[in-house]
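Examining the three-dimensional arrangement
The primary structure of each chain is shown beneath.
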Amino acid sequence: MDRKLKVSSNPHIRSKVTTNAIMMAVVLALLPAAGFGIYNFGIRALLHILITVASTVLTEFLFGLYKKKLTITDLSAVVTGLLLALNLPVGAPLWIGAMGGVFAILVVKMLFGGLGQNFMNPALAARCFLLISFPALMTNFACDAYTGATPLAALKAGEAVNVTDMIIGRTAGTIGETSMVAIVAGACLLILLGVIDLKIPGSYIVSFAVFVLLFGGRGLDFQYLSAQLAGGGLMLGAFFMATDYVTRPITSRGQYVFGIFLGIMTGIFRIFGPGAEGVSYAIILGNLLVPLIEKVTMPRAFGKGGAGHGRK
Amino acid sequence: MGKTNSMTSAGERLVNGLVKENPTFVLMLGMCPTLAVTTSAMNGFGMGATTLVVLALSNLIISLLRNIIPKKVRIPAFIVIIASFVTVVQLLLEAYLPFLNDALGVYIPLIVVNCIILGRAESYAYSNSPVSSLFDGIGMGLGFTVALTCIGAVREVLGTGKIFGAKIMPQAFTPIGIFVLAPGAFFVLAVLCALQNFVKIRGARAGKDTSKIGSGCSEDCMHCGEKGCGKRKFYDDDDDLAVEDLSETEDAE
């Protein structure tokens, strides 16, 4: 009798999707934002990006040498470095990206066990580390191209802003956050490729918009609302950082809860907080709540714990 | 007990407190002041020295009174003794070192509930002779002082570029502000802890004896790493349990 069934251990369903391919897609999707940053802020932005990516990749490589397990080929360090660089103001000293890169990979990612084990988004944790350590350097957005405050800071001070410029990206800000068009273009690519879906970004942006309408103090002022949506790191955070596979909830309902939480927290930070921006702290806080959110929203297994069985 | 014997015991207690059972890096006790006041080397040193004085004196007095203090009320008795010394030390600090008193703030009165002091009173001073208890207190206090000064020094150098208030880093160095804030304390404590574990593990691999000094049994089996010890136990055999106490009072009523 010839064997028609091949018996093997799991996993039985194999997929062509690899970590490597996903990371490559994210890098590609970030290129429009990075490209616009270089066009907008000049060659110094490119230097920032190169130094930060080199720092994350080198840190991961050296740690891999020490642990005798090289993991740089999965490209996750490149994504972390690129995201971190897009979160830096162009006028900051060049070593700041290098230091942030070492912190992101060594402290936040590798010491907790590497990719898949980090409880926070490494790029955002590094940004917060830099923001707390060097508040003056990290919030100085003056550069050759722009001398004024960021649109969000101007908005907070009650000044008028040009929303068209904000959507295209011709404003002061961090390297990669200014252009809503470039970020959304990259995000569309990720959505088409199936790397991310709209659950987290959608619930994040919608809940933030509702929060701004309710508590922004401007009523139904769509000029103000669209400026809040297009300004700062909201789009970059919603599409590229809140959707990080490692630090988002795994359950579908949990992802909505996560997105709504981020929207509310960002609104609180931006409207009631002392600073103009709050996306990074909102996402970091959300990351910390992920295990709890997953615990509450875990779907019930079929046939278990129904009405007749009584839940524990 | 001969004089030489008590002298070796004294030296052994000092080494034990400084290295083998360092309260901060090995026993992980007294984390609250460790994390909160070590924003500079001077603050760390001041906190450590203050604790050292209280620890040594309270250990001595508790050991002297160990046969008088009834077992059932020993914890309140310890607290009263410790609190008295803390009050004395705080008044002295206010009078002679007001800047340190201001810098340490509420953490001086909180020495009363520092678990190193209560821990040593309970696990060592209550069952050992006054001389070795005094040296146990000094050793533990020194270990705490060294640890806090180290943490404070690293945080001060990275966070402000200074050490003991004197600038040592070059002009080009930008202070990394996070190190004088709360997260910095956790980073530095973790890294120093990992470093001393690294050194100890490497020492153990090289064949050095890193187990505790055999004769220095502190009767503290909870924190003792000694394997194959015949005395191993977690509670005193003759210790009355709280439940029994309760039933006795109920009967009396």
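Look a little higher up for the structure.
Conventions and cut-offs
Residues numbered from 1 in each chain as written. Chains lettered and ligands numbered in written order. Predicted model: local features only at pLDDT ≥ 70, side-chain atom pairs only at ≥ 80, totals over all residues. Heavy atoms only, no water. Helix = DSSP H or I, 4+ residues; strand = E, 2+ residues; numbered from the N terminus. Buried < 20%, exposed > 50% of the residue type's maximum accessible area, 1.4 Å probe, protein only. Contact = heavy atoms within 4.5 Å. Areas by Shrake-Rupley, 256 points an atom, 1.4 Å probe, with all protein chains shown as cover. Patch = residues over 30% accessible without salt bridge, like charges linked within 9 Å, V, L, I, M, F, W, Y side chains within 5 Å. Salt bridge = Lys/Arg side-chain N within 4 Å of Asp/Glu carboxyl O. Axes fitted to C-alpha atoms, helices over the stretch in contact; angles between N-to-C directions. Left-handed = near helix turned anticlockwise from the far one by under 90°. Nonpolar A, V, L, I, M, F, W, Y, C, P; charged D, E, K, R; others polar. Buried area = accessible area lost by both parts, 1.4 Å probe. Polar contact = N/O pair within 3.5 Å; in protein donor to acceptor, adjacent residues only side chain to side chain. Phe/Tyr/Trp six-rings, centres within 6.5 Å; stacked < 30°, edge-to-face > 60°. Parallel < 35°, antiparallel > 145°, perpendicular 65-115°, else oblique.

1. Considering the overall build of chain B
Helix and strand counts for chain B come out as nine helices and two strands. Listed N to C, the secondary structure of chain B is α-α-α-α-α-α-α-β-β-α-α in terms of helices and strands. Taken across its 253 residues, chain B has 40% of its residues classed as buried. For chain B, restricting intrachain contacts to residue pairs at least 6 apart in sequence, the fraction spanning at least 24 positions comes to 72%. Summed over all atoms, the accessible surface of chain B reaches about 13400 Å², with 67% contributed by carbon and sulfur.

2. Topic: the overall build of chain A
The secondary structure content of chain A amounts to 14 helices and zero strands. Along its sequence from the N terminus, chain A presents helices and strands in the succession α-α-α-α-α-α-α-α-α-α-α-α-α-α. Its C-alpha atoms give chain A principal-axis dimensions of about 80 × 50 × 35 Å. Looking at chain A residue by residue over its 312 residues, the buried ones come to 50%. Counting only contacts in chain A whose residues sit at least 6 apart along the sequence, the fraction spanning at least 24 positions is 76%.

3. Observations concerning a nonpolar patch on the surface
Residues and elements named next belong to chain A. A surface patch of nonpolar side chains, about 840 Å² in accessible area, is lined by Val206, Val210, Leu214, Phe215, Tyr256, Ile260, Ile264, Ile268 and Phe272. At the level of secondary structure, the elements contributing two or more residues to the nonpolar patch comprise helix H10 (199–215) and helix H13 (252–272). Here the nonpolar patch gets five residues from one element, more than from any other, and that element is H13. Topologically, Phe215 is positioned in helix H10. Here Phe215 falls in the partly exposed class, since its relative accessible area comes to 44%.

4. Let's talk about the packing of helix H3 (residues 41–64) of chain B against helix H4 (residues 74–96) of chain B
All names here are of chain B. With their axes 9 Å apart at the nearest point, H3 and H4 run at an angle of 145° to one another. Along this stretch, H3 crosses H4, giving a crossing that reads as right-handed. Of H4, the residues touching H3 (which contributes Thr50, Val53, Val54, Leu57, Ser58, Ile61 and Ile62) are Phe78, Ile81, Ile82, Phe85, Val86, Val89 and Leu93. Broken down by class, the residue content of the contact of H3 with H4 amounts to twelve nonpolar, two polar and no charged.

5. Comments concerning the side chain of Asn101 of chain B
Residues and elements named next belong to chain B. Structurally, the position occupied by Asn101 is in helix H5 (residues 98–104). Judged by its relative accessible area of 11%, Asn101 falls in the buried class. What Asn101 contacts, discounting residues up to four positions off in sequence, is Gln90, Leu93, Glu94 and Ile108.

6. Considerations on the interface of chain B and chain A
With seven residues of chain B at the interface, the matching set in chain A holds nine residues. Of all residues in chain B, the largest losses of buried area upon contact with chain A belong to Thr174, Ile176 and Ile178 of chain B, amounting jointly to 57% of the total for that side. On the surface where chain B and chain A come into contact, there are zero salt bridges. Summed over the shared surface of chain B and chain A, the result is two residue pairs in polar contact (both at pLDDT 80 or more).

7. Description of the packing of aromatic side chains
All told, the structure shown has eleven aromatic pairs over all chains when counted by the stated rule. Seen from their ring centres, Phe103 of chain A and Phe187 of chain B are 5.6 Å apart, and the 70° between their planes marks the pair as edge-to-face. Within this pair, whereas Phe103 of chain A is found in helix H4 (residues 95–109), its partner Phe187 of chain B is found in helix H8 (residues 182–205), the two belonging to separate chains. Residue classification places Phe103 of chain A among the buried residues on the basis of a relative accessible area of 11%. Taken together, the ring pairs in this structure connect Phe103 and Phe129 of chain A together with Phe179 and Phe187 of chain B into an aromatic cluster.

8. Some remarks on the packing of H4 of chain B against helix H6 (residues 115–123) of chain B
Residue and element names in this part refer to chain B. One can describe the packing of H4 onto H6 by two numbers: an axis separation of 11 Å at closest approach and a directional angle of 130°. Viewed along their axes, H4 and H6 adopt a mutual orientation that is oblique. Our pair here, H4 against H6, has a crossing hand that is right-handed. Here H4 contributes Arg74, Ile75, Phe78, Ile79 and Ile82 to the contact with H6, which in turn contributes Ile117, Leu118, Ala121 and Glu122.

9. Structural notes on the pattern of salt bridges
Residues and elements named next belong to chain B. Per the counting criterion, the structure on display carries eight salt bridges over all chains. Across the salt bridge formed by Asp136 and Arg13, the nearest N and O atoms sit 2.9 Å from each other. Of this pair, Asp136 sits in helix H7 (residues 130–160) while Arg13 sits in helix H1 (residues 3–20), and the two are 123 residues apart along the sequence. Each member of the pair Asp136 and Arg13 is classed as buried. For Asp136, the salt bridge goes to Arg120, with nearest N and O atoms at 3.0 Å.

10. Describing unusual backbone geometry
Even without a glycine there, the phi angle at Leu75 of chain A is positive, about 70°. Its place among the elements puts Leu75 of chain A in the loop between helix H2 (43–67) and helix H3 (76–86). If you check the backbone angles, Met28 of chain B has positive phi at about 60° while not being a glycine. With respect to the element layout, Met28 of chain B can be found in the loop between H1 and helix H2 (31–37). The class for Met28 of chain B is partly exposed, based on a relative accessible area of 39%.

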